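Understanding the architecture of this molecule
The lines below spell out each chain.
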Amino acid sequence: MQKKKMTNPLHRRKKSRAKDKIGKAPGTVTYLGDREKTQSTVHTIEYDDESVAEDFTNDIDAILVHNDSKSTSWIDVVGINDEAYIENLGKRFGLNSLLLEDAVNTLQRPKIDEYDNHIFGVFKMLYINDAEELVSEHMAMVLLENTVLVFQELKEDVFEGVRTRIRTKHGRIRTRGADYLFFALLDAIIDNYFTVLEHINHKIEVLEEQVYENPKPEVAQKIQELKKEVLKVRRWIFPVKELVSRLIDTESPLIKKDTKLFLRDVLDHSVEINETLQIYREMSMSLMEMYMSNMSNKMNEVMKVLTIMASIFIPLTFIAGIYGMNFDHMPELHWEHGYLYVWGIMIFLLLFMLIYFRKKGWL
Amino acid sequence: MQKKKMTNPLHRRKKSRAKDKIGKAPGTVTYLGDREKTQSTVHTIEYDDESVAEDFTNDIDAILVHNDSKSTSWIDVVGINDEAYIENLGKRFGLNSLLLEDAVNTLQRPKIDEYDNHIFGVFKMLYINDAEELVSEHMAMVLLENTVLVFQELKEDVFEGVRTRIRTKHGRIRTRGADYLFFALLDAIIDNYFTVLEHINHKIEVLEEQVYENPKPEVAQKIQELKKEVLKVRRWIFPVKELVSRLIDTESPLIKKDTKLFLRDVLDHSVEINETLQIYREMSMSLMEMYMSNMSNKMNEVMKVLTIMASIFIPLTFIAGIYGMNFDHMPELHWEHGYLYVWGIMIFLLLFMLIYFRKKGWL
Amino acid sequence: MQKKKMTNPLHRRKKSRAKDKIGKAPGTVTYLGDREKTQSTVHTIEYDDESVAEDFTNDIDAILVHNDSKSTSWIDVVGINDEAYIENLGKRFGLNSLLLEDAVNTLQRPKIDEYDNHIFGVFKMLYINDAEELVSEHMAMVLLENTVLVFQELKEDVFEGVRTRIRTKHGRIRTRGADYLFFALLDAIIDNYFTVLEHINHKIEVLEEQVYENPKPEVAQKIQELKKEVLKVRRWIFPVKELVSRLIDTESPLIKKDTKLFLRDVLDHSVEINETLQIYREMSMSLMEMYMSNMSNKMNEVMKVLTIMASIFIPLTFIAGIYGMNFDHMPELHWEHGYLYVWGIMIFLLLFMLIYFRKKGWL
Amino acid sequence: MQKKKMTNPLHRRKKSRAKDKIGKAPGTVTYLGDREKTQSTVHTIEYDDESVAEDFTNDIDAILVHNDSKSTSWIDVVGINDEAYIENLGKRFGLNSLLLEDAVNTLQRPKIDEYDNHIFGVFKMLYINDAEELVSEHMAMVLLENTVLVFQELKEDVFEGVRTRIRTKHGRIRTRGADYLFFALLDAIIDNYFTVLEHINHKIEVLEEQVYENPKPEVAQKIQELKKEVLKVRRWIFPVKELVSRLIDTESPLIKKDTKLFLRDVLDHSVEINETLQIYREMSMSLMEMYMSNMSNKMNEVMKVLTIMASIFIPLTFIAGIYGMNFDHMPELHWEHGYLYVWGIMIFLLLFMLIYFRKKGWL
Amino acid sequence: MQKKKMTNPLHRRKKSRAKDKIGKAPGTVTYLGDREKTQSTVHTIEYDDESVAEDFTNDIDAILVHNDSKSTSWIDVVGINDEAYIENLGKRFGLNSLLLEDAVNTLQRPKIDEYDNHIFGVFKMLYINDAEELVSEHMAMVLLENTVLVFQELKEDVFEGVRTRIRTKHGRIRTRGADYLFFALLDAIIDNYFTVLEHINHKIEVLEEQVYENPKPEVAQKIQELKKEVLKVRRWIFPVKELVSRLIDTESPLIKKDTKLFLRDVLDHSVEINETLQIYREMSMSLMEMYMSNMSNKMNEVMKVLTIMASIFIPLTFIAGIYGMNFDHMPELHWEHGYLYVWGIMIFLLLFMLIYFRKKGWL
């Protein structure tokens, strides 16, 4: 079997965590991911029913202006490994350091924390990139009164649809406040989980075909990798349902009642995603079961061929052996048709065995 | 093994969802199913204790008249891929766009949402069609004060019995209001789940027989397909129990107290269906286990035949080989009865082996 | 392998249900079992501390007299497929049609419903009949103020002990009211579940012995049938615990406080039965595991015999083959003791192999 | 395979229960165990801070004196199959017959019932006797105001340490009341569960070694027996946690607040015991898995030997067979070094096969 | 297979417990671990915002001075097998003997007990020592008003980072009270669990590679050992989540509101650790599954080689056997090209078999 190194998706991360985090005081803002170090860029969109204004700036004072305005602002911080900048920015927005630590901690599991005047959420964007690989991108968002502050790890994201709706005034997004924007971003994240499910489903289908047609050892290995991928995705997706449900029950004035109606829709989707993941888990276990059953079938096939060949020819060879003996007195050897008789017996035996095996259903 | 492409029941759907839904604003009414595009037709039945009137019309104004009347009306919209029409109709009934989105979203899992003046439910009709296939048809219903508004995907449905009872004044349906009609439709849906269970049960029985008699690889494949079908059906049926239970506990004045008594009956059935599905799941897992055990048995059979044949004839062939050697000095070859003696030894060995194998229970 | 048709215990029932129930209005009193159609007979026992009177009558008026009396009455309706009679009788006792539907619906799972002036329960009598088969008999009981109304499917039942105690004034039954009778009947039903457990346990023991001694394919089949039987029995028994627990917590004045003390005992038994069933489930899974492990052992046995025979005689045959060659120049053939030397080598090889296999632990 | 009858630990009991209990009125005091019938003996210890007095008597009046005294009394009834005596004694202490029924019912699962002026508990003493067997002894205790009344099945028990502490005034037992004694007895029972765990753990270790070294079929059988033993022990131990927890939450004045502090310690132990049992369950399942994997390994070993022997010698035998043919014209036979050449070819083939198998890792 | 004694991690402990604990009065302070007996040493650090003072002393009076001071004190007792000293020290701090028993009982599972004026916690420090072994070290801590009293089994611990932060005034630790110190120690313990996870993860990765490349029996054994290690670690880690959660909900004035904010962070970590352990458990089960599937593959490989060799050469040997017979009349023997014809037939058969096996995909 060909060697294949399977990289454990949880490994590298823990390693860095163990190294980088232990001994540090809680609340130390530390980026733990492995993306290349870049400067953060900030993309602000300020909009109300009538106008939209977009801006790219790193200047914290300029950014804070948006927060103070009456219109809704979406302040999108792209790149979270410039820890000092993030800490500065956060402090100016009045965010505490534990929150900022979670915002850049790429290992943080999904969470929602409510504070007196803001709501903080950590989620994972999962999407399939152009190379057909599953990307897991850390993101955090803070809902303030008129502003949503977003921290995202990479330039790529799943929010293009939301931006378009803001720019083109499509749907109700322009007429509603920051809480609706918060919902819209969450909705975009969760809608993309469906593409991830589709991706997993496609893998299951491909493996299913391979299991039935050509169950090589590599297929078993791929099934195990699939199981791990499902485990990993579930790890990021599973808590979301509980979090959204808590968001719906919140008494915070930051989330208005009719936005909760939309959140209930998001909750429905989370439930559905969790159920589907559960189904995929059972399917991947069935796949392995099917693989093992097909292996058994192939073994049976092999054994049948051996048994048939051996059972037919070993007795015939024995008969030939008999008349290859060199005894002085072996009358059959001197019969005129002895040789023909032996052939007769052999052919009879052959037919007998063939009929027997056909009856057994082995031929 | 013969190639068989197993179509994953969850695949095509997610694909369309992923494509069609992502980036759209929430509340966009989008049909996601794959049934052919047709115009919606609306079948109205207005009835009270004394009279019944049926009508087929597409005219929204004409339909609204039924809603305003004091008698009970059942407005049945057949065909839900004419999205614009559905949206118009819905808005005239005062339904919000999130609700309408769910009504035509064939991927929506079963749900019940309570609003101030209507109750909205999404369910799946599951039934066996004439071609003995399991059909899953999306449907949604809205309970208004005197009206039940139904959206169904196909002309076929499971409500023929309810229609007959209304027309023939059988049972108490004509004397009771819209909430009883709502219950009667739900009851009809759930009663049909029993035929689906029967269908699954029949498949289990057929597979059981095949596993015991002729455990071919195809049987294992069919068992896995059955397991998937059970997973899929459970997905649609499982949430119903919780939903009905919430309906019973509702404080909405739309559902009267004595209708709740009937709903409790529906709840009992949902519980029973879920339990039966669970039993089927365990049965299908046992089937696979039995299949594997039968495979092992067959392997044992094959190995026994091989072992018996080889163990008997290989030693005999060896003896024949001995006396086929060409040594100058082999006294046995020149004995008068040497050949007979050898036959004697061989027959003795044969009998010895046969007795040994019979003792082992292999013959 | 010998063909054996396994009848699925859940099949026939669902079929009739699907046929008989669909489309009917809820509350239609329909017997769904498959016992032969007979007229109902009613056995009444009216008793107080001082006297007992028994009666067999079908006359509803005569029966109602017992209900109005101050003494405790047990009205036992035997045979529930005379639907019209049951409906009449029930209505005279003031029972609603949904209740009556459940009373004769042999597919109804165990339930307890509380009404204002009566408590209704459905249970399954499970017992082993004289032919050593497990019988599942549907029964329903209604606790009224001074009366317990029982509906049972067959003449046979598990209540003989209760009748004897009433007739012989054994225990406290004669001095207590209808709620104690209700408890005593329930207690009798649940006590019989222990005989069913014993029956299952006996089957497990027999199969255990067969698995260890003679693991034929039929044994695997029987284990699977046992698993199904446990599933089926659990289906009827499992809900009882919850029901009794609700009965203890009831606020209905129909059940007096000291009767609840006895019900707590029944609850203890239900808990124990459920736990034992759970243990039997795990045991039957272990049985299958053991069967598979014994199959593997037997396969190993077979393979060892084959390997030993082939490994010993194939090399020896090869040696014999060497000296059966017809080369002109083969010096060994002309040695005086060549033949003896060959035998020496062969015997040495034989001993060597035997020692090797003994070392491996295969002999 | 050698026959071994496995006695199902649950069998004999249920049988007697089914026979002995059915039809009897509830509250009938019936001993259901299988220990030899003996007269009960009563051992009383009355103590306070200053003095201890022990007594052996059967006289109920003499026993009752202890109950009325102000000092703490431990009345220990040894032997519970003298049903009439138990019933008399119990009635004099004001205990109801349902309680007494449970006290002698050796099948009763652990329970705690609170009454107005006493608390009743049933537990199982589990301990390893001198013959290294696991003994399960039924016991019941009643906590009265100044007295603990104990019913135990056998003379052997796990309370020797408590007696010593009372006699030697070790620890605080002498200065505290009956509730502390009740706790101390419970504590002694639960401390002994740890020796049972140790016993099971030792069995697991022994089996583990056997599985790795010599996985005979008997080992699989012993693993299954171990699994049953764990199931059985869990059955007796598992409910204890819940019971102790209820005892801590009780509002009964019989248990003082500082005794509850000690009970919390007992609760901790119960939780730990349950967790450990769960771990043992998983370990015994792993053992079976390991056994199966070792069986497969051995099969692989056997097959490799067969394959190597057959693959080497069958082709060589074929070559020898070629030159054993009797064709008139076979030039090789007449070459001067033909015989040597054949040996050369054979040795080359042999080496080739050996190298091939070594490469495969089979040698 | 090579013998390997697997030491059961739970064994030795229970044994000592069973021996050492049974019969002793509750509250007896008994060290149950197996570390060498040493005298306890006490390391005190007293600090406030301005100054830090460290001290090593065994003198209880000197230690108590720290407790009475207004600054925050960390009193770290290293070595807990000097039971008398611990008991003395504890009593002077006003701790009851049950608490002290748990503090030195190395078998005590993690717990938190709240008292009126102190909070007591038992945890396990898990860390990887220099020999790359997993060490489990018992520790207990008591939170008093201005003091945290720590009992730890060994000199090594996981608190070096906390000490450094105190000494260097890094982070907020110096400005906050004893509850923050309590949190910081707990945080350090839990942060180290991540290194343990990393250690387990590394083992999984190594085993994964071995399973794919060289699935020897030893690998299965190592997988089982890994499963046990995960079980063991889970046993110590699993309860922590619940304990921290209770600490957050406490109403004790000893823990201030803003420290709870930090505890919530610790809670997040515990949840994450538990989830990861669960994932590792599933991974180790998948590993075993993969091992079994690779064993099957190897068996298939072996069987194929045997089948191919036997199926090709047994028929050819038979043909050679035919023409090795000694019949007087065998015309083929005397044909001029008979020998060549036989070779022709043999080569044809060989090619035929090779093509057949290639078609089957066995070559």
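Small disclaimer: the values here were computed from a predicted structure and weren't measured.

Attention shifts here to the interface of chain E and chain A. In this assembly, 71 residues from chain E lie in contact with 71 residues from chain A. Contact between chain E and chain A buries roughly 6200 Å² in total, counting both sides, with carbon and sulfur atoms accounting for 61%. For chain E, the biggest contributors to the area lost against chain A are Tyr212, Phe318 and Phe327 of chain E; these three give 12% of the whole. On inspection of chain E and its partner chain A, the count reaches 9 salt bridges. The partner of Arg234 of chain A in a salt bridge is Glu282 of chain E, and the shortest N-O contact between them spans 3.8 Å. Our count for the contact surface shared by chain E and chain A stands at 17 residue pairs in polar contact (both at pLDDT 80 or more). Contributions of two or more residues to the side of chain E that touches chain A are made by α5 (160–168), α6 (178–213), α8 (257–322), α9 (331–334) and α10 (338–360) of chain E. No other element matches α8 of chain E, which puts 36 residues into the side of chain E that touches chain A.

Here is the key point about a regular strand: its side chains alternate between the two faces of the sheet. All names here are of chain E. When strand β1 (residues 41–47) meets strand β2 (residues 52–56), the two strands line up antiparallel, connected through 5 bridges. Across the sheet, residue Tyr47 finds its bridge partner in β2, namely Val52. Between the antiparallel neighbours β1 and β2 lie 4 residues.

Two measures define how a pair of helices packs: the angle their axes make with one another and the distance between the axes. Residues and elements named next belong to chain C. The contact between helix α6 (residues 178–213) and helix α8 (residues 257–322) brings their axes to 10 Å, and the two run at 15 degrees. Considering their axes alone, α6 and α8 lie roughly parallel with respect to each other. Regarding α6 and α8, the two cross each other, and that crossing is left-handed. Among the residues making up the contact of α6 with α8, the classes are represented as 22 nonpolar, 6 polar and 5 charged.

Remark on secondary structure: sheet strands pair via backbone hydrogen bonds, oriented parallel or antiparallel. Residue and element names in this part refer to chain B. With mixed pairing, 7 strands are arranged side by side in an open sheet as β2-β1-β3-β7-β6-β5-β4. The sheet terminates laterally at β2 (52–57) and β4 (111–114), the two strands that pair on one side only. In this sheet, neighbouring strand axes are inclined to one another by 20 degrees on average, regardless of whether the strands run parallel or antiparallel. Note that strand β1 (residues 41–47) and β2 share 6 bridges and pair antiparallel. Looking across to β2, one finds that Thr44 is bridged to Asp55. The sheet strands contacting helix α5 (residues 160–168) are β1, β2, β3 (72–78) and β7 (147–152), and the helix crosses β1 at an angle near 40 degrees. Strands β4, β5 (119–128) and β6 (134–143) of the sheet are contacted by helix α7 (residues 217–249), whose axis makes an angle of about 145 degrees with β5.

The rules behind the values
Residues numbered from 1 in each chain as written. Chains lettered and ligands numbered in written order. Predicted model: local features only at pLDDT ≥ 70, side-chain atom pairs only at ≥ 80, totals over all residues. Heavy atoms only, no water. Contact = heavy atoms within 4.5 Å. Buried area = accessible area lost by both parts, 1.4 Å probe. Salt bridge = Lys/Arg side-chain N within 4 Å of Asp/Glu carboxyl O. Polar contact = N/O pair within 3.5 Å; in protein donor to acceptor, adjacent residues only side chain to side chain. Helix = DSSP H or I, 4+ residues; strand = E, 2+ residues; numbered from the N terminus. Pairing = 2+ DSSP bridges. Axes fitted to C-alpha atoms, helices over the stretch in contact; angles between N-to-C directions. Parallel < 35°, antiparallel > 145°, perpendicular 65-115°, else oblique. Left-handed = near helix turned anticlockwise from the far one by under 90°. Nonpolar A, V, L, I, M, F, W, Y, C, P; charged D, E, K, R; others polar.

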